[in-house]
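# Coordinate inspection notes
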Amino acid sequence: METANQEQAEYWSASPAGENWLTYQDHLDQVLQPVLDLVLDRATLRPGDRVVDIGCGAGTSVLAAAAHVGRAGHVLGADISQPFLDRAAAIAAERGITHVDFQCADAQVAQLKGAPLDAAMSRFGVMFFEDPTAAFANIARNLKPGAQITFAAWAPVSENPWFSIPVAAAKERLGDPPKADPDAPGPFAFRDRDRVLGLLQAAGLVDVTAEPVPVHLTPAGDADALAQLSTRIGPATRIMSHFDAGPGDAHAIAATMRDAFAEYATPDGLRVPATINLFQARTADPQDT
C-alpha cells in the first residue's frame, strides 16, 4: 500500500489502540450512530450511486451507505488499516451484502477502485491526514466533476463531553500530559471550521460549507458502563498510558467519569450532548464556468 501517513497506518493497524477499536466496535457504533445518521442524511445518496467511504474503519458506515444506494449502486470502503477492513469484509459477507468492496489505501495518495466515483463520505475518517490539502485534492481526483463530499469531524473538546469528561477525570488524578500540536492528525484536527474551509478551497473544491450540528450520542448501558468503557478506549486511556496508571488510578478515574456522565441519564438511556462539524464541498465541474 502506498502511504504518506505511515505513522497513522501503524497506529491503526498494529497498536493496542487499533485493537481496542475492534474489540469495542459494537459499543462505539452505538455511541456514534447519530453521527452516521447525520452524514447519510446530508450526503443524500441516490439509488445507483457509486460512493467511497473514506476511513471506513470496520465497515458500519459502508453497509449503511450500501442500503441507500441499493444493489444498483456500489460502496467502496477505503481505510489505512487492513485489520479493520478484514472485519468489515467479514461482516458484509455474513450479511450477504455484495455491492460493497474494500481497499486498504491511504486516500491522500491512492488511486481508488472504480474511480471516478459519484460521491465521497466519511464519519470521522478524514482528520488523520499528514497533508489534508493534498488528501482532499487526491480524493477529488477520484470523483466525477460536480461530485459531493460530505464528512463529519469533532467540534472543539469543550463542546464534546464524550471527550472532555474523560480528559478532566484523568488529569485530575494523574496530572497534565505533554502538550501536543492541536492541528496535528487526530480527532480534533478539524475542530476549527474556518481552517478546514480553507483547506478544502486550497484543494480546489467548490461550494464548501461548514456547519456545527448538535447531536446526542447514544451509548449503551448506564453511566457506570460508559465510565468503564472510557477507561479502555478514548482520551483517558492515552493519559493513563502516559503516566503508567495502575488499577487504583483506573478505578478512581472511572468513578469521577461515572458521576459526570450520570448527568446525561434520561428515561431512554444516556444521551451525551455533542457538537459535530459537518462539512460539504463539491468537485469543480467545467460545465459550471
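For the structure itself, look to the data block above.
Locating D118 in the fold gives a position in strand β4 (residues 117-123). Judged by its relative accessible area of 18%, D118 is buried. Here the side chain of D118 touches K144 through a polar contact of 2.8 Å, side chain to side chain. For D118, the residues in contact, after removing those within four places along its chain, are G48, D49, R50, K144, A147 and Q148.

Take the packing of aromatic side chains next. The full count for this structure, using the stated rule, is 9 aromatic pairs. Between F124 and W154 the ring centres are 4.3 Å apart and the planes differ by 10 degrees, which places this aromatic pair in the stacked class. Of this pair, F124 sits in the loop between β4 and α6 (132-141) while W154 sits in strand β5 (residues 143-154), and the two are 30 residues apart along the sequence. On the numbers, 6.5 Å between centres and 35 degrees between planes, the contact of W154 with F188 is tilted. One end of the pair, W154, is in strand β5; the other, F188, is in the loop between α7 (161-174) and α8 (193-202), with 34 residues separating them in the sequence. Overall, W154 belongs to the buried group, its relative accessible area being 4%. Judged by its relative accessible area of 13%, F188 is buried.

Following both chains from N to C, one finds helix α2 (residues 16-23) and helix α5 (residues 82-94) inclined at 15 degrees, their axes separated by 10 Å at the closest point. The angle between α2 and α5 falls in the class roughly parallel. Considering how the two elements wind past one another, α2 and α5 form a crossing that is right-handed. Each of G18, W21 and L22 in α2 lies in contact with α5, whose residues at this interface are P83, F84 and R87. Among the residues making up the contact of α2 with α5, the classes are represented as 4 nonpolar, 1 polar and 1 charged.

Right, let's get into the pairing of strand β3 (residues 100-104). On a regular strand, each side chain points to the face opposite its neighbour's, so the side chains alternate between the two faces of the sheet. Bridge count between strand β2 (residues 74-79) and β3: 5 bridges; the pairing is parallel. Bridged to L76 within β3 is D101.

Taken in spatial order, the 7 strands line up as β3-β2-β1-β4-β5-β9-β6 in an open sheet, and their pairing is mixed. Where the open sheet ends on each side, the last strands, each with one partner, are β3 and β6 (206-217). Taken pair by pair, the neighbouring strands of this sheet meet at an average axis angle of 20 degrees, ignoring direction. With 5 bridges joining them, strand β1 (residues 50-54) and β2 adopt parallel strand pairing. Opposite V51, over in β2, you have V75 as the bridge partner. Of the strands in this sheet, β1, β4 and β5 touch α6, which is tilted by about 140 degrees from β5. Running at roughly 140 degrees to β6, α8 makes contact with β5, β6 and β9 (272-282) of the sheet.

Scanning all chains against the criterion turns up 11 salt bridges. A salt bridge links R42 to D41, with the shortest nitrogen-to-oxygen separation between them at 3.9 Å. For D41, a relative accessible area of 52% gives the class exposed. The shortest N-O distance in the salt bridge between R258 and D259 comes to 3.6 Å. The exposure class assigned to D259 is exposed, which follows from its relative accessible area of 51%.

How each quantity is defined
- Residues numbered from 1 in each chain as written.
- Predicted model: local features only at pLDDT ≥ 70, side-chain atom pairs only at ≥ 80, totals over all residues.
- Heavy atoms only, no water.
- Helix = DSSP H or I, 4+ residues; strand = E, 2+ residues; numbered from the N terminus.
- Buried < 20%, exposed > 50% of the residue type's maximum accessible area, 1.4 Å probe, protein only.
- Polar contact = N/O pair within 3.5 Å; in protein donor to acceptor, adjacent residues only side chain to side chain.
- Contact = heavy atoms within 4.5 Å.
- Phe/Tyr/Trp six-rings, centres within 6.5 Å; stacked < 30°, edge-to-face > 60°.
- Axes fitted to C-alpha atoms, helices over the stretch in contact; angles between N-to-C directions.
- Parallel < 35°, antiparallel > 145°, perpendicular 65-115°, else oblique.
- Left-handed = near helix turned anticlockwise from the far one by under 90°.
- Nonpolar A, V, L, I, M, F, W, Y, C, P; charged D, E, K, R; others polar.
- Pairing = 2+ DSSP bridges.
- Salt bridge = Lys/Arg side-chain N within 4 Å of Asp/Glu carboxyl O.

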